[in-house]
Amino acid sequence: MRLALEWVPFGMDDDTTVGMLKKQVSEFRDSRDWLKYDTPRSLAISISVEAAELLEHFQWKTDEQMREVLMDRKRENEISDELADVMIYCLGFSDVLNVDISEAIERKLRKNGEKYPVARSRLVAES
């Protein structure tokens, strides 16, 4: 008897590499012959559009209201889908421009670390 595998919503980040995700995105794109549309300009625009769609879920809501929204699984999934859209376009963008995302993030974090050293960047809670 063969058991059906269930989709596990948590824990994939620990097992999935950036390279694997880039490959999945490029294979999805290439199987539909969409590379011709994936120019740096169109991808940058798409990243911004999808980020705006993500932001719409938070517009005009307080942090407390958002905590309530996120208790609704359907709404949480909608927000997750929008984040995935942003990430898919970012991965496609990095593929088209041959950007090594891991290297770019590590480099940027080093720059930010120099610009905002821990000793000077800690927030002090007001009493």
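Shown above is the structure to which this text applies.
Predicted model only: the values in this text are computed from it and were never measured.

**Observations concerning the overall build of the protein chain**
Next, step 1: The secondary structure content of the protein chain amounts to six helices and zero strands.
Next, step 2: Counting helices and strands in the order they occur from the N terminus, the protein chain gives α-α-α-α-α-α.
Next, step 3: Long-range pairs, those at least 24 residues apart, make up 70% of the contacts in the protein chain with a sequence separation of at least 6.

**A closer look at the packing of helix α2 (residues 40-56) against helix α4 (residues 73-96)**
Next, step 1: Relative to each other, α2 and α4 sit at 165°, their axes nearing to 9 Å. Here α4 runs roughly antiparallel to α2, going by the angle between their axes. Between α2 and α4 lies a crossing whose hand is left-handed. Side by side, α2 and α4 meet where Pro-40, Leu-43, Ala-44, Ser-46, Ile-47, Glu-50, Ala-51, Glu-53 and Leu-54 of the first sit next to Ile-79, Glu-82, Leu-83, Asp-85, Val-86, Tyr-89, Cys-90, Gly-92, Phe-93 and Val-96 of the second.
Next, step 2: By residue class, the composition of the contact of α2 with α4 is 13 nonpolar, two polar and four charged.

**Topic: unusual backbone geometry**
Next, step 1: Phi at Asp-33 takes a positive value of approximately 60°, unusual for a residue other than glycine.
Next, step 2: We note that Trp-60 has phi near 65°; this positive angle belongs to a residue other than glycine.
Next, step 3: Residue Trp-60 is classed as exposed on the basis of its relative accessible area of 77%.

**Overview of the pattern of salt bridges**
Next, step 1: In the structure shown here, the tally under the stated rule is nine salt bridges.
Next, step 2: Glu-78 is the salt-bridge partner of Lys-74, the closest N and O atoms lying 2.8 Å from each other. A residue pair is termed a helical-turn pair when its members lie 3 or 4 positions apart in one helix, as Lys-74 and Glu-78 do in helix α4 at four residues.
Next, step 3: Residue Arg-75 pairs with Glu-78 through a salt bridge whose shortest N-O separation is 3.7 Å. Within this pair, Arg-75 and its partner Glu-78 are both found in helix α4, separated by three residues, close to a single helical turn.
Next, step 4: Connected through shared salt-bridge partners, Arg-29, Asp-30 and Asp-95 make up one network.

**As for the side chain of Lys-22**
Next, step 1: Note on placement: Lys-22 falls in helix α1 (residues 18-31).
Next, step 2: It is Asp-95 that comes nearest to the buried, bridge-free Lys-22 among opposite-charge side chains, at 5.3 Å.
Next, step 3: Dropping the residues within four chain positions of it, Lys-22 is found in contact with Leu-91, Ser-94, Asp-95, Val-99 and Ile-101.

**Description of a nonpolar patch on the surface**
Next, step 1: A contiguous nonpolar patch, built from Phe-28, Trp-34 and Tyr-37 and spanning about 360 Å² of accessible area, is present on the exposed surface.
Next, step 2: Of note, Tyr-37 is situated in the loop between α1 and α2.

**Looking at the packing of aromatic side chains**
Next, step 1: Taken as a whole and assessed by the stated rule, the structure comprises one aromatic pair.
Next, step 2: Judged by centre distance (5.8 Å) and plane angle (70°), the rings of Phe-28 and Trp-34 are edge-to-face.
Next, step 3: What makes Trp-34 partly exposed here is its relative accessible area of 40%.
Next, step 4: One Lys or Arg, Arg-32, reaches over the ring of Phe-28 and ends 3.5 Å from the middle of that ring.
Next, step 5: Across from the ring centre of Trp-34, 6.0 Å away, lies the NZ or CZ of Arg-32, which sits over that ring.

Rules and cut-offs
- Residues numbered from 1 in each chain as written.
- Predicted model: local features only at pLDDT ≥ 70, side-chain atom pairs only at ≥ 80, totals over all residues.
- Heavy atoms only, no water.
- Helix = DSSP H or I, 4+ residues; strand = E, 2+ residues; numbered from the N terminus.
- Contact = heavy atoms within 4.5 Å.
- Axes fitted to C-alpha atoms, helices over the stretch in contact; angles between N-to-C directions.
- Parallel < 35°, antiparallel > 145°, perpendicular 65-115°, else oblique.
- Left-handed = near helix turned anticlockwise from the far one by under 90°.
- Nonpolar A, V, L, I, M, F, W, Y, C, P; charged D, E, K, R; others polar.
- Buried < 20%, exposed > 50% of the residue type's maximum accessible area, 1.4 Å probe, protein only.
- Salt bridge = Lys/Arg side-chain N within 4 Å of Asp/Glu carboxyl O.
- Lys, Arg positive; Asp, Glu negative; His and termini not counted.
- Patch = residues over 30% accessible without salt bridge, like charges linked within 9 Å, V, L, I, M, F, W, Y side chains within 5 Å.
- Areas by Shrake-Rupley, 256 points an atom, 1.4 Å probe, with all protein chains shown as cover.
- Phe/Tyr/Trp six-rings, centres within 6.5 Å; stacked < 30°, edge-to-face > 60°.
- Lys NZ or Arg CZ within 6 Å of the ring centre and 35° of its normal.

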